[in-house]
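Each chain is listed here by its residues.
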Amino acid sequence: MCNAVMQTDCYDVMQRKEYLINVRTGECTVRPLRFQFYAHDVPADATFRRLFYLGTSAFEKASVELSDWDVRFTTSFWEGTFTTQGCIPYHSNHYNSTTFGMRFESIVDVTPGIDPNEFVVPPGCQ
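Here the structure is a predicted model, which is why all the values come from computation and not from measurement.

Rules used in this analysis
Residues numbered from 1 in each chain as written. Predicted model: local features only at pLDDT ≥ 70, side-chain atom pairs only at ≥ 80, totals over all residues. Heavy atoms only, no water. Phe/Tyr/Trp six-rings, centres within 6.5 Å; stacked < 30°, edge-to-face > 60°. Lys NZ or Arg CZ within 6 Å of the ring centre and 35° of its normal. Pairing = 2+ DSSP bridges. Helix = DSSP H or I, 4+ residues; strand = E, 2+ residues; numbered from the N terminus. Axes fitted to C-alpha atoms, helices over the stretch in contact; angles between N-to-C directions. Buried < 20%, exposed > 50% of the residue type's maximum accessible area, 1.4 Å probe, protein only. Contact = heavy atoms within 4.5 Å. pLDDT = per-residue confidence, 0-100. Patch = residues over 30% accessible without salt bridge, like charges linked within 9 Å, V, L, I, M, F, W, Y side chains within 5 Å. Areas by Shrake-Rupley, 256 points an atom, 1.4 Å probe, with all protein chains shown as cover. Salt bridge = Lys/Arg side-chain N within 4 Å of Asp/Glu carboxyl O.

## Some details on the packing of aromatic side chains
By the definition in use, this model includes three aromatic pairs. Ring centres 6.3 Å apart and planes at 40° place the aromatic pair Trp78 and Phe82 in the tilted group. Of note, Arg50 hangs over the ring of Phe52, and the distance from its end group to the ring centre comes to 4.2 Å. The side chain of Arg72 reaches across the aromatic face of Phe77, ending 5.0 Å from its centre.

## Some details on the sheet that holds strand S7 (residues 89–96)
Read across the sheet, five strands follow the order S4-S5-S6-S7-S8 without closing on themselves; strand pairing throughout is antiparallel. One side of each edge strand has no neighbouring strand; the edge strands of this open sheet are strand S4 (47–55) and strand S8 (101–106). Mean inter-strand twist for the sheet, computed between neighbouring axes without regard to direction, equals 15°.

## Considerations on the environment of Pro89
Tracing the chain through its elements places Pro89 in strand S7. The exposure class assigned to Pro89 is buried, which follows from its relative accessible area of 16%. It is 22 Å that separates the C-alpha atoms of Pro89 and Glu60, two residues lying 29 residues apart in sequence. The contact partners of Pro89, leaving out residues within four places of it in the chain, are His40, Thr81, Phe82, Ile107 and Val110.

## Comments concerning the side chain of Ser92
With respect to the element layout, Ser92 can be found in strand S7. Once residues within four sequence positions are removed from consideration, Ser92 is found in contact with Trp78, Glu79, Gly80, Arg103, Phe104 and Glu105.

## Comments concerning the pairing of S8
The pairing of S7 with S8 spans six bridges and is antiparallel. Note on S8: the bridge partner recorded for His94 is Arg103.

## With respect to the confidence of the model for the protein chain
Low pLDDT means the predicted coordinates in that region are not meant to be read closely. Here the protein chain averages 82 in pLDDT, and 91% of its residues register 70 or above. Mean pLDDT per element in the protein chain: strand S1 (residues 7–12) is the minimum at 68, and S4 is the maximum at 95. A low-confidence stretch, residues 1–5 stays under pLDDT 50, and its non-local contacts, those more than four residues away or across chains, total 11 contacts.

## A look at a nonpolar patch on the surface
A cluster of nonpolar residues, Leu54, Val64 and Tyr90, forms a patch on the protein surface that exposes about 220 Å² of accessible area. Note on placement: Val64 falls in strand S5 (residues 63–72).

## A look at the pattern of salt bridges
Within this structure, the stated rule accounts for six salt bridges. In this structure, the salt-bridge partner of Glu18 is Arg31, at a minimum N-O distance of 3.2 Å. Remark: Arg31 occurs in strand S3 (residues 28–32) and Glu18 occurs in strand S2 (residues 17–22); sequence separation between them is 13 residues. Taking the relative accessible area as the measure of exposure, Glu18 reaches 4% and is therefore buried. Note on Arg31: relative accessible area 26%, which makes it partly exposed.

## Here we look at unusual backbone geometry
Unusually for a residue other than glycine, Lys61 sits at a positive phi of about 60°. On the accessibility criterion, Lys61 (79% relative accessible area) is exposed.

The following block contains the structure:
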């Protein structure tokens, strides 16, 4: 995943590496990935909670049907909301009282599929 403004941060989750690229100078720093990767799917042990609509049914194509899921443990919980069509993630919350506290994530402007060019490590980082 890359984010280009003044600096580009690229993450290779499979190799557990982070690439920090200075856009102006081309300088690249490679270091170990410093955060845990969280999958964007419904965990196998999740419990279905409800279906609801975001938007309104008063107009055609003015809403999207969503489903809520959660998983609860002794010291943590995860909850997520996904579209019923395509299971596209909308948001998730993850709480762990012993390690990191609360993590909120909202996901917008999702484009299905992967552009393989987004995952090519720039030559200066090899």
